[in-house]
Amino acid sequence: MNVENLPQLTQFQVDEQPHIIVNKEICRDCDHRACVLTCPANCYTFDEETKLLSVVYETCLECGACYVICDKGALDWSYPRGGYGVCYRLT
Amino acid sequence: MAKYFDVIIVGAGPAGSMAALKLARAGLNVCMLERGQHPGAKNMFGGLLHNTPVLNEMLPSFWERAPLERYVYKKVLAFMTPDSAVSLTFENGNFEQPPYNGCTVFRPAFDSWLAGEAVKEGALLLCDCTAEDLIRKNGQISGVTVKGREGELRGNIVIAADGVMSFMAEKAGLRRDFRPGDLGVGIKLLLGLPEDTINERFHLVRDEGADISFLGTTGGLCGGSFLYTNRESISVGMVVHLDSLKASGQAPYDVLDELLEHPQVKKLIKGAVPLEYSAHLIPEGGIKSMPHVYTGGMMVAGDAAGLCYTNGINLEGINLAMTSGVLAAETAIEAIEAGDYSARMLSSYKKKLDGSFIIKDMKTFKNAVGMMRLERLSRTYPQLLTDILEKVYRVEGTPRSKLLRLARKEALKKIGLKGLVSDGIKIGRSLL
Ligand SMILES: Cc1cc2nc3c(=O)[nH]c(=O)nc-3n(C[C@H](O)[C@H](O)[C@H](O)COP(=O)(O)OP(=O)(O)OC[C@H]3O[C@@H](n4cnc5c(N)ncnc54)[C@H](O)[C@@H]3O)c2cc1C
Ligand code: SF4
Ligand code: SF4
């Protein structure tokens, strides 16, 4: 399964306001970066050179796995404003 | 629009909509808030709407009107290793008669339909509204605020039916932090196939459906995978424990990919077109990790209350959600009649839950939580079973052992006596 293509299958109503905010200072020193591998939509990337974690909230499936799995309190995670975010058609 | 309601329901999922239906029929002024563009827009599940007495009672013959996919009459339990599979098939003609034992549904369609039934009875449905915080008055919960919008909604009682990540229950101080040990993550790929092809491959006719549970296809992670047939598509996915996923360092879609690439599964999905990909959490901590389900002015229903269980064979949640929603609504009706919304008054909701099949079943299968965490269940046992059968069936001109002796020898080799005894006890306690 090619993850890069998966988000294209699902519909999103993207909000200009992100619903996930990463505290990059905490992530810099994180010893596991579990969010990167856990996210079913592959939203997180850690740049080894800059030591910065970034998130593509636009294709987030709002499952909450990253928020639960991060044990360092680095994520400010909430549901998007009403009507925004993922919008399943079938499933 | 009245900004004061008898009851405010957060979440128009199965729990919320059934509560709204019950309350609206009792003539109460009820409002449902849903953060999706329509009910179900944020919701995914494996696929099986179980037979739920309270749904049949409140919406008789609903199957004639609701958007259903197929009636599941064939259940398969498959033990898998990378190159082989052993499966048990159960087919029951009764499952094809009303009230159907289970139907596959699409949540965006089913949840919208169910919420619509509540609206027909007079409930107010507000979509595009994310409840953000709770409002308190005299120490009791008395309303909610909406994210990104001015104003607030007030009412006598709030029912939190906001699903597994219940920020409402958290804000009310009814639950502890969300912990990886109490939750599983599910992912699912919906694959399009022509109706005839599905019927042919799964040996089905008309609107018959099949449900396959796989063990041994989660890359050694604690959990299981599933396949459900819909009318013109099949749902393939898996549920794994979050802590075991974290410890494994594997990505969930890579694990699902292994299932899709398995020779037995590949045959079933050949030529299918990917239609939609989805992910959702699921409460898996069992009765021990349930939050408190009521406080002054508020009750918690469905996934938000941790009401969901799996014993490896069944995964039940939607039926528990609908039933608990109705019990919360019944309690709200009594409270409104009495004009008393205190915690003491609402404590009868907990009693109703305890007396229903919900808590009884969750207690019956409380040891299944531990069993499902046995890594051997999802790795070693499927391997053992297929190894034994391979030895039984393979013909190569060497002397054979009797089946039982063969099984004993293989089991001791793979698991050891101590492991076998302790697993036997755990599995026995969970299911027998
Ligand atoms: C992968 C997977 C497979 C499953 N398979 C099955 C199965 O085959 N059979 C079965 O019976 N169960 C299954 N379940 C469990 C089942 O899906 C749940 O138990 C059920 O959906 C719970 O219903 P609910 O109404 O409590 O919550 P939900 O269905 O989650 O509904 C909650 C609603 O609240 C809304 N909401 C949340 N927060 C807010 C807010 N702040 N403001 C406004 N709205 C909000 C959401 O958008 C949603 O519509 C599965 C679950 C998963 C994850
Ligand atoms: S979000 Fe949490 S888990 Fe991810 S890198 Fe930052 S601290 Fe680590
Ligand atoms: S909520 Fe789920 S999909 Fe969204 S970023 Fe977190 S893990 Fe990924």
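## Some details on the site of ligand 2
The environment of ligand 2 is made up of A:Cys27, A:Cys30, A:His32, A:Arg33, A:Ala34, A:Cys35, A:Leu53, A:Cys70, A:Lys72, A:Ala74 and A:Leu75. Here the residues of the shell around ligand 2 are counted per class, giving 8 nonpolar, 1 polar and 2 charged.

## Describing the domain arrangement of chain B
Residue and element names in this part refer to chain B. Along its sequence, chain B is organised into domain 1 (3-67 + 104-177 + 286-365), domain 2 (181-283) and domain 3 (370-431). Taking the mean C-alpha position of each, domain 1 and domain 2 sit 28 Å from one another. Listed by partner, the interface residues are 18 residues for domain 1 and 21 residues for domain 2. A per-residue breakdown of the area domain 1 buries against domain 2 is headed by Met44, Phe106 and Val164, which together make up 36% of the total. Our enumeration of links across domain 1 and domain 2 arrives at 1 salt bridge. For aspartate 182, the salt bridge goes to arginine 176, with nearest N and O atoms at 2.9 Å.

## Here we look at the interface of chain A and chain B
Contacts between the two partners involve 37 residues from chain A and, on the opposite side, 47 residues from chain B. Summed over both partners, the interface of chain A with chain B buries about 3700 Å², with 61% contributed by carbon and sulfur atoms. On the chain A side of the interface with chain B, the three residues burying the most area are A:Met1, A:Tyr79 and A:Thr91, jointly 23% of the side's total. Counting every contact that joins chain A to chain B gives 4 salt bridges. Salt-bridge contacts for B:Lys42 lead to A:Glu62; the nearest nitrogen and oxygen are separated by 3.0 Å. Where chain A touches chain B, the interface holds 23 residue pairs in polar contact (both at pLDDT 80 or more). Taken together, the elements giving at least two residues each to the side of chain A that touches chain B come down to helix 1 (6-9), helix 3 (34-38), helix 4 (65-69) and strand 6 (85-86) of chain A. Here the side of chain A that touches chain B takes 4 residues from helix 4 of chain A, the largest share from any one element. Classifying every residue of the side of chain A that touches chain B by side-chain character gives 22 nonpolar, 11 polar and 4 charged.

## A word on the packing of helix 1 (residues 14-25) of chain B against helix 9 (residues 318-338) of chain B
Residue and element names in this part refer to chain B. Remark: helix 1 packs on helix 9, axes separated minimally by 7 Å, with the N-to-C direction vectors making an angle of 35°. In this structure, helix 1 crosses over helix 9, and the sense of that crossing is right-handed. Residues Pro14, Ala15, Met18, Ala19, Lys22 and Leu23 of helix 1 form the contact with helix 9, whose participating residues are Ile318, Ala321, Met322, Gly325, Val326, Ala329, Glu330, Ala332 and Ile333.

## Comments concerning the packing of helix 10 (residues 343-355) of chain B against helix 11 (residues 357-364) of chain B
All names here are of chain B. Closest axis-to-axis distance for the helix 10/helix 11 pair is 4 Å, and the angle between their directions is 60°. One way to sum up the angle between helix 10 and helix 11 is to call them oblique. Listed contacts from helix 11 to Leu353, Asp354 and Gly355 of helix 10 are Phe357, Ile358, Ile359 and Lys360. Taken together, the residues of the contact of helix 10 with helix 11 break down into 4 nonpolar, 1 polar and 2 charged.

Parameters at a glance
Residues numbered from 1 in each chain as written. Chains lettered and ligands numbered in written order. Predicted model: local features only at pLDDT ≥ 70, side-chain atom pairs only at ≥ 80, totals over all residues. Heavy atoms only, no water. Near = heavy atom within 4 Å. Nonpolar A, V, L, I, M, F, W, Y, C, P; charged D, E, K, R; others polar. Domains from an automatic or database assignment. Contact = heavy atoms within 4.5 Å. Buried area = accessible area lost by both parts, 1.4 Å probe. Salt bridge = Lys/Arg side-chain N within 4 Å of Asp/Glu carboxyl O. Polar contact = N/O pair within 3.5 Å; in protein donor to acceptor, adjacent residues only side chain to side chain. Helix = DSSP H or I, 4+ residues; strand = E, 2+ residues; numbered from the N terminus. Axes fitted to C-alpha atoms, helices over the stretch in contact; angles between N-to-C directions. Left-handed = near helix turned anticlockwise from the far one by under 90°. Parallel < 35°, antiparallel > 145°, perpendicular 65-115°, else oblique.

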